[in-house]
Amino acid sequence: MSNEQEHPRKAFGWAARDSSGVLSPFSFSRRESGEKDVTFKVLYCGICHSDLHMVKNEWGFSTYPLVPGHEIVGEVTEVGSNVQKFKVGDKVGVGCIVGACRSCDSCTDHLENYCPKQILTYSAKYYDGTTTYGGYSDIMVADEHFVLRIPDNLPLDCAAPLLCAGITTYSPLRYFGLDKPGMHVGVVGLGGLGHVAVKFAKAMGVKVTVISTSPNKKEEAVKHLGADSFWLVAAIGTMDGIIDTVSAQHPLLPLIGLLKSHGKLVMVGAPEKPLELPVFPLLMGRKMVAGSGIGGMKETQEMINFAAKHNITADIEVIPIDYLNTAMERLAKADVRYRFVIDIGNTLKARS
């Protein structure tokens, strides 16, 4: 059965057909709204670094054709008969996951993101056996449990990246207790994740230092994003925690050295190859290296509400869909301040 015939509802987007990662127009189908489903017209979709890894199959589990996109926002056009939380016209979003078992310990603790049966928003198998397709497309259908409400005071285009980059950095700040006023937190890397990490940490009352190998980002970090300081070589033993957003190979030893005793280095970037972890410096101060991946639905909504309250949005460059492959090339070179967002609503047109 073709991609267009799997489901009754016609859909249109852009897909990668193989690991070259080149994206082009693609006709497919989405399911009709089930009784708990929300259908919405996609207006904007952020381009996450994960999308770049996935279209090129750099993590080894991509399936093609692949429609990327898990920072998806739009307006509800239809709701199923049993939907409680949303109505037609609501502004909504979908992030990285569209399904989970809803009964394991993680799900019971509102941590669907750690459910072993979680279903990713794209390039995964849904409950009915069909492939999930992401937000580089005209419509989205999702179970209301995995749909998020976007407050009216958050512009949709700037809010889209919060659904991945926002929760990826908000969650570890909360979980690891790096959200107490007066604490000193480092942020490694000033990209899509790093720039929102700075904004969230500052809104929590934390002293923030950006750690970067790019001296040209100093003015941006301090003057525009509100970081307290910017270091290429930071002071040893001064930080309560570090959020490391870098997805490339990089040494951990210098970062571990920046931590106070009992300090926490939290990895939220996803390098393709293993990093070298020196153990001795961890022993000399009971330091911790941890990981964190997105957040559960309850915490993601909490993050969005916190962002709305504190006027936190991503810094974005809005692009038309036709610019998509160029944007991917630029993203690979870190040539974006700080997140590309596709204007789906105005520029994605199905071929007649």
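Scoring rules and cut-offs
Residues numbered from 1 in each chain as written. Predicted model: local features only at pLDDT ≥ 70, side-chain atom pairs only at ≥ 80, totals over all residues. Heavy atoms only, no water. Helix = DSSP H or I, 4+ residues; strand = E, 2+ residues; numbered from the N terminus. Rg over C-alpha atoms; globule rule 2.2 N^0.38 Å. Contact = heavy atoms within 4.5 Å. Core = buried A, V, L, I, M, F, W, Y, C linked by side-chain atoms within 4.5 Å. Buried < 20%, exposed > 50% of the residue type's maximum accessible area, 1.4 Å probe, protein only. Domains from an automatic or database assignment. Salt bridge = Lys/Arg side-chain N within 4 Å of Asp/Glu carboxyl O. Polar contact = N/O pair within 3.5 Å; in protein donor to acceptor, adjacent residues only side chain to side chain. Nonpolar A, V, L, I, M, F, W, Y, C, P; charged D, E, K, R; others polar. Axes fitted to C-alpha atoms, helices over the stretch in contact; angles between N-to-C directions. Parallel < 35°, antiparallel > 145°, perpendicular 65-115°, else oblique. Patch = residues over 30% accessible without salt bridge, like charges linked within 9 Å, V, L, I, M, F, W, Y side chains within 5 Å. Areas by Shrake-Rupley, 256 points an atom, 1.4 Å probe, with all protein chains shown as cover.

A. A look at the overall build of the protein. In terms of regular secondary structure, the protein is built from 11 helices and 17 strands. Computed over the C-alpha atoms, the radius of gyration of the protein is 20 Å, within 12% of the 20 Å expected from 2.2 N^0.38 for a compact globule of 352 residues. In terms of its C-alpha atoms, the protein occupies a principal-axis envelope of roughly 60 × 40 × 35 Å. A fraction of 67% describes how many contacts in the protein between residues 6 or more apart in sequence connect residues 24 or more apart.

B. Quick peek at the nonpolar core. Counting 58 residues, the largest nonpolar core has I150, L173, V198 and F200 as the members making the most contacts within it. For this core, the secondary structure elements donating two or more residues are strand 3 (37-46), helix 3 (156-159), helix 4 (165-175), strand 10 (184-188), helix 5 (192-203), strand 11 (207-211) and helix 9 (297-309). Built from parts of two domains, this core gets at least three residues from each of domain 1 (9-164 + 313-343) and domain 2 (166-291). Those residues in contact with F200, other than ones at most four positions away along the chain, are L162, G166, T169, Y170, L173, M303, F306, A307 and I312. V42, V67, V98 and V147 belong to the second largest nonpolar core, which has 46 residues in total.

C. Local environment of the pattern of salt bridges. If you walk through the whole model with that rule in mind, you get 15 salt bridges. Residue D90 pairs with K87 through a salt bridge whose shortest N-O separation is 3.0 Å. On the basis of relative accessibility, which here comes to 53%, the residue K87 falls in the exposed class. In this structure, E219 engages K223 in a salt bridge whose closest nitrogen and oxygen atoms are separated by 3.8 Å. A residue pair is termed a helical-turn pair when its members lie 3 or 4 positions apart in one helix, as E219 and K223 do in helix 6 (residues 218-224) at four residues. K223 carries the same exposure label as E219, and that label is exposed. Through salt bridges with shared partners, a single network forms among R9, E32 and E78.

D. Spotlight on the domain arrangement of the protein. By domain assignment, the protein separates into domain 1 (9-164 + 313-343) and domain 2 (166-291). Domain 1 puts 14 residues into the contact, and the matching count from domain 2 is 18 residues. Ionic pairing is found between K199 and D315, a salt bridge with its closest N-O pair at 2.6 Å. Taken together, domain 1 and domain 2 are joined by 10 residue pairs in polar contact (both at pLDDT 80 or more). The residue inventory of the side of domain 1 that touches domain 2, partitioned by class, reads seven nonpolar, three polar and four charged.

E. Up close: the environment of G46. Positionally, G46 belongs in strand 3. Residue class for G46 comes out buried when judged on its relative accessible area of 0%. Considering only alpha carbons, one finds G46 and L178, 132 residues apart in sequence, at a separation of 27 Å. Apart from residues no more than four positions distant in its own chain, G46 is found in contact with D51, E71, Y136, A160, F340 and V341.

F. The packing of helix 4 against helix 9, seen in detail. Put simply, helix 4 and helix 9 touch, their axes get as near as 10 Å, and they point 100 degrees apart. Classified by the interaxial angle, the pair formed by helix 4 and helix 9 is roughly perpendicular. Contacts from G166, I167, Y170, S171 and R174 in helix 4 reach E299, T300, E302, M303 and F306 in helix 9.

G. Representation of a nonpolar patch on the surface. Together, L277, V279, F280, L283 and M284 line one region of the surface with nonpolar side chains, adding up to about 540 Å² of accessible area. The topology assignment puts L277 in the loop between strand 14 (259-267) and helix 8 (280-283). Overall, L277 belongs to the partly exposed group, its relative accessible area being 41%.

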